[in-house]
Amino acid sequence: MYYILDSIFISYDYAQWTAYFKKNDRHRLNIDFTNEPTLGEEEKALIFPSISAFQKGEHSEGSYLKSAALKFAEKNNEPDYPKAIEFFIKEENFHSSYLAQYMNYHNIPLKSGGHNGKLFDMIFRRLRRINGLHSEVTVLVTAEIIALSYYSALCNAAESKALKSICLQMLHDELPHIVFQSYTLGHFLTRPVNIFLRALLMEITCAAVWLAYRKVFAAGGYSFRRLLSESIGYLKQSVIIAAKNRG
C-alpha cells in the first residue's frame, strides 16, 4: 500500500513533535499470541532472516544521534529537538522489542541480523557519520522509507495475526517518522546535487535490500519495480516537506 504523507504533521515544530512522541509513548502495542499458528520451517526460512535484520536495525542507543542533536539544537536555536530525538529513539527501540517478542515466541534466537544485516548495519553507520546530523538524518529517512514497503510486504507474507499487528504498528509509527526527519532536513542548505545523492542512495539501498530479501517481498506481492517506485515516490514527498520547511 502506498501512502501520501500530506498530513497535519507537516506543520509541526519540534515542541509539537515532542508532544506527539510523548503521547504515542503511552499507547504501546500489546501483542496477542492467543491464536498464533505454528509456523512451518519453510515459512520461518522465508520471513525470519529479514525480521532478524530489521530487529537489529531498529535497536540503537542512539548516542551519536543524541550528540549531533544537541549540537544542531544549539546552532539552530531549536531547544526542543534533543527531547524529540530521545522519544524518537525510544520509539524505534520499541519497534525492535516487538520483533524480538515475535522471534522469541517462535524460538528464533536473537542474532546480529545475519550476514546481510551486519553488512547493512556497517554501511549505514559509516554513511550516517560522514557529515554530522545531515548525513545521519538522510540515511535514517532512507531506511524508514524502505521500511514502509518492507512492513507492507511482510504483513501479507505470513498468516499470522500477531505479525500483522506488529507490521501495522510499524507503519503507523514510521509514516510520521519520515515527516519528522524530512522537517529536520529542511534546516540544511540543499543543492540539486544533494537531492541527486539522496535518490542515488535510495536506488542503491533498494537494490541491496531486494537482493537480500526478495523472497519475502515477492511473497508480500512486491516486485523490485514496485519497491523502487514506492521508495522514490516517498523520497519525492520527503524533498517537498523539507523544501516547505526551508520556505
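Residues numbered from 1 in each chain as written. Predicted model: local features only at pLDDT ≥ 70, side-chain atom pairs only at ≥ 80, totals over all residues. Heavy atoms only, no water.

Colleague: Now, about the state of the cysteines: what can you tell me, with residues and values included?
Modeller: Evaluated as defined, the whole model comprises zero disulfides. Sulfur of C155: no disulfide; nearest cysteine sulfur belongs to C167 and is 5.1 Å away. Its relative accessible area of 0% is what places C167 among the buried residues. (Disulfide = S-S within 2.5 Å. Buried < 20%, exposed > 50% of the residue type's maximum accessible area, 1.4 Å probe, protein only.)

Colleague: So what about the pattern of salt bridges? Which residues, and what values?
Modeller: Overall, the coordinates contain six salt bridges when judged by the stated rule. We note a salt bridge from K83 to E86, for which the minimum N-O separation is 3.3 Å. Of the two residues, K83 and E86 are both situated in helix α4 (residues 81-105); the distance of three residues between them amounts to about one turn of the helix. Residue classification places K83 among the partly exposed residues on the basis of a relative accessible area of 41%. (Salt bridge = Lys/Arg side-chain N within 4 Å of Asp/Glu carboxyl O. Helix = DSSP H or I, 4+ residues; strand = E, 2+ residues; numbered from the N terminus.)

Colleague: Which residues make up a nonpolar patch on the surface, and what values go with them?
Modeller: A contiguous nonpolar patch, built from V193, F196, L197, L200 and I204 and spanning about 460 Å² of accessible area, is present on the exposed surface. Mapped onto the elements, L200 comes out in helix α8 (residues 192-219). Its relative accessible area of 35% is what places L200 among the partly exposed residues. (Patch = residues over 30% accessible without salt bridge, like charges linked within 9 Å, V, L, I, M, F, W, Y side chains within 5 Å. Areas by Shrake-Rupley, 256 points an atom, 1.4 Å probe, with all protein chains shown as cover.)

Colleague: Break down the packing of aromatic side chains for me, with residues and values.
Modeller: Applying the stated rule across the entire model yields 28 aromatic pairs. Here Y14 and Y183 contribute two aromatic rings whose centre-to-centre distance is 4.9 Å and whose plane-to-plane angle is 75 degrees, an arrangement assigned as edge-to-face. A residue pair is termed long-range when its members are at least 10 positions apart, and Y14 in helix α1 (residues 14-24) and Y183 in helix α7 (residues 161-185) qualify at 169 residues. Judged by its relative accessible area of 1%, Y14 is buried. Centre to centre, the rings of F33 and Y102 are 6.4 Å apart; their planes meet at 25 degrees, and the pair counts as stacked. (Phe/Tyr/Trp six-rings, centres within 6.5 Å; stacked < 30°, edge-to-face > 60°.)

Colleague: Explain α1 residue by residue, including any values.
Modeller: Since one α-helical turn is 3.6 residues long, residues separated by three or four positions face the same way. Among the residues making up α1, those that are buried are Y14, W17, T18, Y20, F21 and N24. Relative to the axis of α1, the buried residues are bounded by an arc of 160 degrees and lie together on one face. A distance of 3.2 Å separates the backbone nitrogen of A15 from a side-chain oxygen at the start of α1, and that oxygen is part of D13. (Arc of directions from axis to C-beta. Polar contact = N/O pair within 3.5 Å; in protein donor to acceptor, adjacent residues only side chain to side chain.)

Colleague: Account for the side chain of T205, with residues named and values stated.
Modeller: Tracing the backbone shows T205 in helix α8. Within the structure, T205 has its side chain in polar contact with the backbone oxygen of L201 (distance 2.7 Å).

Colleague: Hey, could you go over the environment of K56 for me, with residue numbers and the actual values?
Modeller: Among the structural elements, K56 can be located in helix α2 (residues 41-58). Given a relative accessible area of 34%, K56 falls into the partly exposed group. K56 sits 54 residues away from L110 along the chain, and the two C-alpha atoms are 8.5 Å apart.

Colleague: Go over the nonpolar core with me, naming the residues and quoting the values.
Modeller: Judged by nonpolar contacts, the single largest core of 76 residues is most densely connected at W17, I47, I51, Y81, Y102, Y151 and F217. Elements with a minimum of two residues in this core: α1, α2, α3 (63-76), α4, α6 (132-157), α7, α8 and α9 (224-246). Residue contributions to this core peak at 14 residues, all from α6. Not counting residues within four places of it along the chain, the set of residues in contact with F217 comprises S149, Y150, A153, V209, W210, Y222 and L227. (Core = buried A, V, L, I, M, F, W, Y, C linked by side-chain atoms within 4.5 Å. Contact = heavy atoms within 4.5 Å.)

Colleague: Describe the packing of α1 against α7, and please don't skip the residues or the numbers.
Modeller: It is at 12 Å that the axes of α1 and α7 come closest, and there the two elements cross at 160 degrees. In terms of their interaxial angle, α1 and α7 are classed as roughly antiparallel. Of the two elements, α1 crosses α7, and the hand of that crossing is left-handed. Contact residues: α1 offers Y14, W17, Y20, F21 and N24, while α7 offers H172, D173, P176, H177, V179, F180, Y183 and T184. Residues belonging to the contact of α1 with α7 are distributed by class as follows: eight nonpolar, four polar and one charged. (Axes fitted to C-alpha atoms, helices over the stretch in contact; angles between N-to-C directions. Parallel < 35°, antiparallel > 145°, perpendicular 65-115°, else oblique. Left-handed = near helix turned anticlockwise from the far one by under 90°. Nonpolar A, V, L, I, M, F, W, Y, C, P; charged D, E, K, R; others polar.)

Colleague: I'd like a rundown of the environment of V179, residues and numbers included.
Modeller: Relative to the assigned elements, V179 resides in helix α7. Note on V179: relative accessible area 2%, which makes it buried. In this structure the C-alpha to C-alpha distance between V179 and S238, which are 59 residues apart in sequence, comes to 6.9 Å. Contacts of V179, omitting those with residues within four sequence positions, involve L5, F9, I10, W17 and I241.

Colleague: Can you tell me about the confidence of the model for the chain, naming the residues and giving the values?
Modeller: Per-residue pLDDT for the chain averages 90, and the proportion of residues at 70 or more is 91%. Per-element averaging of pLDDT across the chain places helix α5 (residues 114-128) at the bottom with 59 and α4 at the top with 96. (pLDDT = per-residue confidence, 0-100.)

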